[in-house]
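Chain and residue survey
For reference, the chains in residue letters:
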Amino acid sequence: MSILAVCASLLGTMKTVLSVEEPPAAWLVDWLQKPSFAQIRHSIIIGAHCGADLQRIGEKVASYLNENDPEARSHWHPFCMEDLRHFAGDPACRDLILAGQPPDRHLGPPDSDIDRIARRLARLGGAVLEGQYSLDATNDLDNSFRICLCSHEPICFESCHMWLNPKRFSRTSLISVIGDSFLDWMSRHPGTLRSRPAG
């Protein structure tokens, strides 16, 4: 076999390997298909205007709610910006999350797959979304409890349900304040989901 034939064969094999899409992670499929979805219609969005470690806080809030929200059946899951980027860039994950979703009229241009995914996860409920990007993308969703961590009153305080200075709390008490405040808010806002009018 000539060198050209060997190269052509290798190139064909590489194309075949690269064209095979890996399925979405098993945990994501499981999370999206859990029967407890019927029980949860709310999400938490946490942003920060300070040096707070949102990923650690999001993980702890999700764990706290899994322990203290019996209706959730351990369904709470944190999603950081890296997760959203991964889902948007992975065709299998993106299709799984956005399957059958009509265009979102509340997303003005330039919207992105990351915007649509953040909004979809928030609408599904059981998500703890982290970061200012998620706060901005979901600011009209009535089912989302919005928190800003900052050392002074945030510019966006009107769109948040509460803002907290994390330096005034121990890590444990900060998590319980967020979790308990959310559970109280959720008990007063049954799971009807709608978007507030833009404007």
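Just above sits the structure.
Residues numbered from 1 in each chain as written. Predicted model: local features only at pLDDT ≥ 70, side-chain atom pairs only at ≥ 80, totals over all residues. Heavy atoms only, no water.

Moving on, we come to the overall build of the chain. Within the chain one finds eight helices and five strands. Written out in order from the N terminus, the α and β elements of the chain read α-α-β-α-β-α-α-α-β-α-β-β-α. Within the span of the chain, comprising 199 residues, buried residues form 43% of the whole. The contacts in the chain between residues at least 6 apart in sequence include a share of 68% that link residues at least 24 apart. Roughly 11,000 Å² of accessible area belongs to the chain as shown, and the carbon and sulfur atoms make up 55% of that amount. (Helix = DSSP H or I, 4+ residues; strand = E, 2+ residues; numbered from the N terminus. Buried < 20%, exposed > 50% of the residue type's maximum accessible area, 1.4 Å probe, protein only. Contact = heavy atoms within 4.5 Å. Areas by Shrake-Rupley, 256 points an atom, 1.4 Å probe, with all protein chains shown as cover.)

We now examine helix H8 (residues 171-187). The terminal C-alpha atoms of H8 lie 24 Å apart, and with 17 residues this matches the ideal 24 Å at 1.5 Å per residue to within 8%. Among the residues making up H8, those that are buried are Leu174, Ile175, Ile178, Gly179, Phe182, Leu183, Trp185 and Met186. For H8, the angular spread of the buried residues around the axis is 165°, confining them to a single face. Opposite its buried face, H8 presents the exposed residues Thr172 and Ser187, each directed more than 90 degrees away. (Expected span 1.5 Å × (residues − 1). Arc of directions from axis to C-beta.)

What follows deals with the packing of helix H4 (residues 81-89) against helix H6 (residues 113-124). One can describe the packing of H4 onto H6 by two numbers: an axis separation of 9 Å at closest approach and a directional angle of 115°. Relative to H6, the element H4 lies roughly perpendicular. Crossing of H4 over H6 shows right-handed handedness. In contact with Met81, Leu84, Arg85, Phe87 and Ala88 of H4, H6 contributes Asp113, Ile114, Ile117, Ala118 and Leu121. (Axes fitted to C-alpha atoms, helices over the stretch in contact; angles between N-to-C directions. Parallel < 35°, antiparallel > 145°, perpendicular 65-115°, else oblique. Left-handed = near helix turned anticlockwise from the far one by under 90°.)

Before going further, it helps to spend a moment on the pattern of salt bridges. Taken as a whole, this structure holds four salt bridges when the rule is applied. The salt bridge involving Asp113 is made with Arg116; its shortest N-O contact spans 2.6 Å. Here Asp113 pairs with Arg116, and both are found in helix H6, just three residues apart, close to one helical turn. Between Asp140 and Arg119 there is a salt bridge, with the nearest N and O atoms lying 2.7 Å from each other. Of this pair, Asp140 sits in the loop between helix H7 (132-137) and strand E4 (144-149) while Arg119 sits in helix H6, and the two are 21 residues apart along the sequence. For Asp140, a relative accessible area of 8% corresponds to the buried category. Relative accessible area serves as the criterion here: at 1%, Arg119 is assigned to the buried category. Via salt bridges that share partners, Arg94, Asp113 and Arg116 belong to a single interconnected network. (Salt bridge = Lys/Arg side-chain N within 4 Å of Asp/Glu carboxyl O.)

In this section: the packing of helix H2 (residues 26-33) against helix H5 (residues 91-98). At a minimum axis distance of 11 Å, the contact between H2 and H5 shows a crossing angle of 5°. Taken together, the axes of H2 and H5 are roughly parallel relative to one another. Here Leu28, Val29 and Leu32 of H2 come into contact with H5, specifically with Cys93, Leu96 and Ile97. Here the residues of the contact of H2 with H5 sort into six nonpolar, no polar and no charged. (Nonpolar A, V, L, I, M, F, W, Y, C, P; charged D, E, K, R; others polar.)

A few words on H4. Within the span of H4, buried status applies to Leu84, Phe87 and Ala88. Burial along H4 is one-sided: seen end-on, the buried residues are contained in an arc of 100°. Structural note: H4 exposes Glu82, Arg85 and Gly89 on the side pointing more than 90 degrees away from its buried face.

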